[in-house]
2 protein chains.
Amino acid sequence: MIPLIDLHSHVSPAMLPGSPREELQPRWPCMHCLSSQKGSLLIGDTLFRDLDWRSWDADRRLEDMARDGVSMQVLSPMPELLSYWFDPKDAAVLCDASNHLIASLAASHPARFRGLGAVPLQDPVAAAQALPRLKSEFGLSGVEIGSNIMGRLPGDAAFDPFWAAAEELGMCVFVHALHPVAAKTIDPPPFYVPFALFPVDVAMAAASILMGGVLDRFPALRIGFSHGGGALGSILGRLDTGWHATDGFKQRAHASPSATARQMFYDSNVYDPAYLKFLAETALPGRIFTGTDYPYDIMQRSPAEFISSAGLDARALASVRVGAASEFLGEDLTQVMAH
Amino acid sequence: MIPLIDLHSHVSPAMLPGSPREELQPRWPCMHCLSSQKGSLLIGDTLFRDLDWRSWDADRRLEDMARDGVSMQVLSPMPELLSYWFDPKDAAVLCDASNHLIASLAASHPARFRGLGAVPLQDPVAAAQALPRLKSEFGLSGVEIGSNIMGRLPGDAAFDPFWAAAEELGMCVFVHALHPVAAKTIDPPPFYVPFALFPVDVAMAAASILMGGVLDRFPALRIGFSHGGGALGSILGRLDTGWHATDGFKQRAHASPSATARQMFYDSNVYDPAYLKFLAETALPGRIFTGTDYPYDIMQRSPAEFISSAGLDARALASVRVGAASEFLGEDLTQVMAH
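(A) Spatial organisation of unusual backbone geometry. Put simply, Tyr 294 of chain A and Pro 295 of chain A share a cis peptide bond, and its omega is 5 degrees. Take Pro 295 of chain A: it is sitting in the loop between β11 (288–289) and α11 (303–309). The phi torsion at His 227 of chain B lies on the positive side, around 55 degrees, for a residue other than glycine. Its place among the elements puts His 227 of chain B in the loop between β9 (223–225) and α7 (232–245). Given a relative accessible area of 2%, His 227 of chain B falls into the buried group. Despite not being glycine, Ser 302 of chain B has its phi angle at roughly 45 degrees, a positive value. Secondary-structure assignment places Ser 302 of chain B in the loop between β11 (288–289) and α11 (303–309).

Structural data, given as structure tokens:
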């Protein structure tokens, strides 16, 4: 049996540190716990999301993993905790709340969990400086970042110090949808932002990295994207056509976008077996790992069955279940016990 | 031989009417003609695009159509001429410049051209009132609209008067990328807007129509999208999952997004034969018509070969070449002479 690694699963602390200053309270996240098993995350005084112990309890997660045949979860912060909208020093307090939880869960069951931490990427130098400790002290494999950082796309050269440090340390970077840029100026219908614009923002992030030449400057970087790269797989043909028509986007990107895209990684969280098959066998072969968005309402349930339903060939199936995750994390996970 | 209908081809008048008032000049388009065969479109004093007689000359287009095996072009305005940023009365002057050119080209070669016109959709009632004349006097099959109208998504209920009139008249609506919403607040790398954000904006338009229940209110509408629906094909799984999770987006959309998406149309202009095959055979079977973006630099060259390279089954191939276009235009084109 091939192990199944879920690269896209979130955690959130049962308790969060208080706002360092009273004036931050209206935007500061706060857990209002109803019991040890249930709580509500408030942003200021507004309910952001009801949570339960799946977000912080290892044993509870292991139950679901056994049920779902998930061998290992790679834990990342609830994206709303990435805290790019605070002063970097204040944000670091929240980042470390997530980092401590993730490190302790991963340390408690080293055969079942790996961790991706949080850094205050609104200050790229501070984010770079935070990385060594996340690796050496917290034992994390990499970090999660947002698909934009306060409206700046991650392909912006301002983030080069962060990319340089991640490459140097061999830490992978998982780019997750967050506060979509396209939502800022429109009056969208209900639910439009999470369902339509999350994948749009991830594609925008990936395209900015491709067009900004990030992988040219940092060729050993391991970057992965949530939600199957969002809409990226549908626009690679156009990006390639544009690259050819503009002398490689005026020589900013040395290889075609689709070629560079095949140096990055994407999760399977697209909710469409046919599109997953297109990604995993045709558009981005070998670059798709499993991701579910556990434990949120929108998560892909029964991930093993979902992946199986795509009818992948044996090579692509093994890659989606464990191979691409191994490569992304920089660690051979093919011998992890299957569950 | 199956006819090949190019649903996505643009025209632009060799001469444009002058700005009605001097204060509009900085945004008013103006053709600066170098010869009868070449000219530059200026917006105010700034070069927008160099054009040549392919944009306005029927015989010149017919030469290319013969070379490319295109039986019929469906002509639509250069999107920059849609003029949503002017007062509707001023915009109507520019819309009618396009409408007159399109009508005259279509009338000159009724076996080779059809036309989609322009209306001042920034005023949905005025746009609705303009439609009957486009059909009866200009002989147009439908209209082209932008993927957003000054930042408003076309699924917004404000556009219902327009949709109602289009449905009532049996006029098709082709939604084309224009001034992407997502570009408004970012500082993108060069060429990011046309190559990455055009398809994003088209997907946003389509998702807003799906989530806004437009087809529920106007079930006989025939709506088509440029650029293969942009990124829509990659997010249908997520939209469906969201629809199921939210009681049909709180009962605003009666059918699932992917089901409703299969009532709309999309062109083949995705520059990726594998993704075209995914769209035409799997995601949106029977709903893809040929589109090239002729005569612009980014256009799909050799469209017959491109479509052929997708390796479509016979049914999908016939649909992409002529069947879906017939259905979209509301006219049987299968007997058009193949070229």
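Moving on from the model shown.
(B) Expanded view of the pairing of strand β2 (residues 29–33) of chain B. All names here are of chain B. As defined by bridge partners, β2 adjoins strand β3 (residues 38–43) across five bridges and the pair is classed as antiparallel. Paired with Pro 29 across the strands is Ile 43, a residue of β3. A loop of four residues connects β2 with β3, the two strands running antiparallel in sequence.

(C) Region of interest: the relation of the copies chain B and chain A. Once turned by 180 degrees and shifted 0.0 Å along the axis, chain B lies on chain A with an RMSD of 0.0 Å. Such values leave the two copies arranged in the relation of a two-fold axis. Taking C-alpha positions as the reference, the residue of chain B nearest the rotation axis is Ala 182 of chain B, at 2.1 Å. A symmetric contact is evident, with 100% of the interface residues of chain B recurring at the interface of chain A.

(D) Structural view of the side chain of Ser 147 of chain A. Residues and elements named next belong to chain A. Tracing the chain through its elements places Ser 147 in the loop between β7 (142–146) and α4 (160–169). We classify Ser 147 as buried; its relative accessible area is 0%. A polar contact is formed between the side chain of Ser 147 and the side chain of Asp 201, at a distance of 2.7 Å. Sequence-distant contacts of Ser 147, defined by excluding residues within four places in its chain, comprise Pro 154, Val 175, His 176, Ala 177, Leu 178, Asp 201, Val 202 and Ala 205.

(E) View of the interface of chain B and chain A. Listed as interface residues are 46 residues of chain B and, on the opposing side, 46 residues of chain A. For the chain B and chain A pair, buried surface summed over both sides reaches about 4,100 Å², with 75% attributable to carbon and sulfur atoms. It is Tyr 192, Phe 195 and Arg 238 of chain B that lose the most area in chain B upon contact with chain A, and together they represent 18% of the buried surface on that side. Across the contact surface, chain B and chain A share zero salt bridges. For the pair chain B and chain A, the number of links is seven residue pairs in polar contact (both at pLDDT 80 or more). Secondary structure elements with two or more residues in the side of chain B that touches chain A: α5 (192–211), α7, α8 (247–251) and α10 (273–283) of chain B. Per-element tally for the side of chain B that touches chain A: the top contributor is α5 of chain B, with 13 residues. When grouped by side-chain class, the residues that make up the side of chain B that touches chain A number 29 nonpolar, 12 polar and five charged.

(F) Local environment of the sheet that holds strand β10 (residues 265–267) of chain B. All names here are of chain B. Read across the sheet, eight strands follow the order β1-β5-β6-β7-β8-β9-β10-β11 without closing on themselves; strand pairing throughout is parallel. The outermost strands of the open sheet, each flanked by one partner alone, are β1 (5–11) and β11. Bridge analysis of β10 against β11 gives two bridges, and the strand direction is parallel. Following the sheet pairing, Tyr 266 is matched in β11 by Ile 288.

(G) Just helix α12 (residues 314–329) of chain A, in detail. Residues and elements named next belong to chain A. Taking 1.5 Å of rise per residue, the 16 residues of α12 would be expected to cover 22 Å, and the 22 Å separating its terminal C-alpha atoms lies within 8% of that figure. Inspection of α12 places Ala 316, Ser 319, Val 320, Arg 321, Val 322, Ala 324, Ala 325, Ser 326, Phe 328 and Leu 329 among the buried residues, and these make up the whole buried set. Just downstream of α12, Gly 330 is the residue with a positive phi angle, here 75 degrees.

(H) Seen up close, the packing of helix α10 (residues 273–283) of chain A against α10 of chain B. Following both chains from N to C, one finds α10 of chain A and α10 of chain B inclined at 160 degrees, their axes separated by 11 Å at the closest point. Judged by the inter-axis angle, α10 of chain A sits roughly antiparallel to α10 of chain B. For the element pair α10 of chain A and α10 of chain B, the recorded crossing hand is right-handed. Together, Ala 274, Tyr 275, Phe 278 and Thr 282 of chain A of α10 of chain A and Ala 274, Tyr 275, Phe 278 and Thr 282 of chain B of α10 of chain B make up the contact between the two elements. Considered class by class, the residues forming the contact of α10 of chain A with α10 of chain B number six nonpolar, two polar and no charged.

Scoring rules and cut-offs
Residues numbered from 1 in each chain as written. Chains lettered and ligands numbered in written order. Predicted model: local features only at pLDDT ≥ 70, side-chain atom pairs only at ≥ 80, totals over all residues. Heavy atoms only, no water. Helix = DSSP H or I, 4+ residues; strand = E, 2+ residues; numbered from the N terminus. Buried < 20%, exposed > 50% of the residue type's maximum accessible area, 1.4 Å probe, protein only. Pairing = 2+ DSSP bridges. Least-squares fit on C-alpha atoms with pLDDT ≥ 70 in both. Contact = heavy atoms within 4.5 Å. Polar contact = N/O pair within 3.5 Å; in protein donor to acceptor, adjacent residues only side chain to side chain. Buried area = accessible area lost by both parts, 1.4 Å probe. Salt bridge = Lys/Arg side-chain N within 4 Å of Asp/Glu carboxyl O. Nonpolar A, V, L, I, M, F, W, Y, C, P; charged D, E, K, R; others polar. Expected span 1.5 Å × (residues − 1). Axes fitted to C-alpha atoms, helices over the stretch in contact; angles between N-to-C directions. Parallel < 35°, antiparallel > 145°, perpendicular 65-115°, else oblique. Left-handed = near helix turned anticlockwise from the far one by under 90°.

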